[in-house]
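Descriptive structure summary
Here is how the chains run, residue by residue.
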Amino acid sequence: MKEFAYARAGDAAEAAALMTERPDATYLGGGTNLVDLMKLGVADPGLLIDVSRLPYDRIEHRADGSALIGATVRNGDLAGDPGVRERFPLLAQALLAGASGQLRTVATVGGNLLQRTRCVYFQDVSKPCNKREPGSGCPAIGGAHRDLAVLGTSDHCVASHPSDMAVALVALDAVAHLRSVDGATRTVPVEELYRLPGDTPHRETVLGHGDLITAIELPPPPGGAAMRYRKVRDRWSYAFALVSVAASVSVAEDGTLTDVAVALGGVAPRPWRARIAEERLRGALPDEDTLREAARAELARARPLPDNAFKVDLATDLIVAVIRDLVVRKDRA
């Protein structure tokens, strides 16, 4: 591992000042992904600025049903929060599906959003990778790509996004609160936080150098919504998604779907909001044929490779199964 300096920021202004002084600096939250990348030689920051002690460690539940989640809240604390479990259960389910208990105790909300792909070529510095070294190539396209993306890819990168939590947040229309090094603040929908690879796969987010995620805001959930996060993986625990679905649906008295939100994980370079499927389902009766037609319409844009083409059918089946189960649950309530 390359030598590096370490500093613990006392407040956001100090963190910004340190970042401004060092173009080779990066923020450190829980370090559950960054430290691994440093050990592999993928990341080599000259300065780690520890922001884990900044005052962003609270979960605020508001009277209107919305919530503000600080960026340094630990994943385990968020998953176990009673208000989250009651009003945003798919978020708690995603967090519990995302890592081991030990990692959830350390990992932060902000860091979870910014974790990097687990593509084996990205993590192996002896191999070319456009995400790690722009212009060097993408050997995954002709190599080991079973676990990688089928939606939103390009000829330059087919890596998949690893976060379970981010998929849930996208389905919940969450908004990220950001602070730049000059102290200016802005908000960005979590869905728009991430870039698709195009011909610049090394640019993964819209964050500028030194931009700090300070909080995630969740709007009030739709009245009477049923929610679920379901993840398909190679083994039961501590594995990244082959395909995951985060869904929230509300059903009218006549049985039609009203509010519908669906996001997919494991299939794209970012959490994938299934807008086409949502549009097809909104106002429709959720019978098997309608659900399957909507899911297939969403996956029609997929560009699968030989070894991950199974994800298209798997994602279709999972969308159908999750929404069908949510509707049945509502009928029994």
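Below you will find a few notes about this structure. (Residues numbered from 1 in each chain as written. Predicted model: local features only at pLDDT ≥ 70, side-chain atom pairs only at ≥ 80, totals over all residues. Heavy atoms only, no water.)

Let's shift gears to the pattern of salt bridges. On inspection of all chains with the given rule, the structure shows 23 salt bridges. Linking Asp211 and Arg186 is a salt bridge whose minimum nitrogen-to-oxygen distance equals 3.1 Å. A residue pair is termed long-range when its members are at least 10 positions apart, and Asp211 in the loop between α9 (190-193) and β8 (212-218) and Arg186 in strand β7 (residues 185-189) qualify at 25 residues. (Salt bridge = Lys/Arg side-chain N within 4 Å of Asp/Glu carboxyl O. Helix = DSSP H or I, 4+ residues; strand = E, 2+ residues; numbered from the N terminus.)

Spatially, five strands are ordered β4-β5-β8-β6-β7 in an open sheet, and the strand pairing comes out antiparallel. Looking at which strands have only one partner, the edges of the open sheet turn out to be β4 (59-61) and β7. For this sheet, the mean inter-axis angle between neighbouring strands, taken without regard to orientation, is 20°. (Pairing = 2+ DSSP bridges. Axes fitted to C-alpha atoms, helices over the stretch in contact; angles between N-to-C directions.)

The strand order across the open sheet formed by three strands is β1-β3-β2, and the pairing between neighbours is parallel. On the outer flanks of this sheet lie β1 (5-8) and β2 (25-28), each paired with one strand and no other. Strand after strand, the sheet turns through a mean of 25° between neighbouring axes, direction not considered. Relative to strand β3 (residues 47-50), β1 runs parallel, the two sharing four bridges. Considered in β3, the bridge of Ala7 is made with Ile49. Contacting β1, β2 and β3, helix α1 (residues 12-21) runs over the sheet at an angle of about 150° to β2. (Contact = heavy atoms within 4.5 Å.)

Topologically, Glu191 is positioned in helix α9. Side chain to side chain, Glu191 and Arg275 meet in a polar contact 2.6 Å long. Filtering out sequence-adjacent residues up to four positions away, Glu191 remains in contact with Val170, Arg270, Arg273 and Arg275. (Polar contact = N/O pair within 3.5 Å; in protein donor to acceptor, adjacent residues only side chain to side chain.)

A few words now on the layout of surface pockets. One number sums up the size of the second largest pocket: a volume of about 440 Å³. Grouping the amino acids of the lining of the second largest pocket by side-chain chemistry returns ten nonpolar, six polar and five charged. (1 Å grid on protein atoms, 1.4 Å probe; cavity = no way out; pocket = protein on both sides within 12 Å on 5 of 7 lines; lining within 4 Å. Points joined across faces, edges and corners; volume = space filled by probe spheres on them. Nonpolar A, V, L, I, M, F, W, Y, C, P; charged D, E, K, R; others polar.)

Backbone geometry places Asp173, a non-glycine residue, at a positive phi of 60°. Assignment of secondary structure puts Asp173 in the loop between α8 (164-171) and β6 (175-179). Residue classification places Asp173 among the partly exposed residues on the basis of a relative accessible area of 41%. Of note in this structure, Tyr238 is not a glycine but carries a positive phi near 50°. Position of Tyr238 among the secondary structure elements: in the loop between β9 (226-232) and β10 (243-251). (Buried < 20%, exposed > 50% of the residue type's maximum accessible area, 1.4 Å probe, protein only.)

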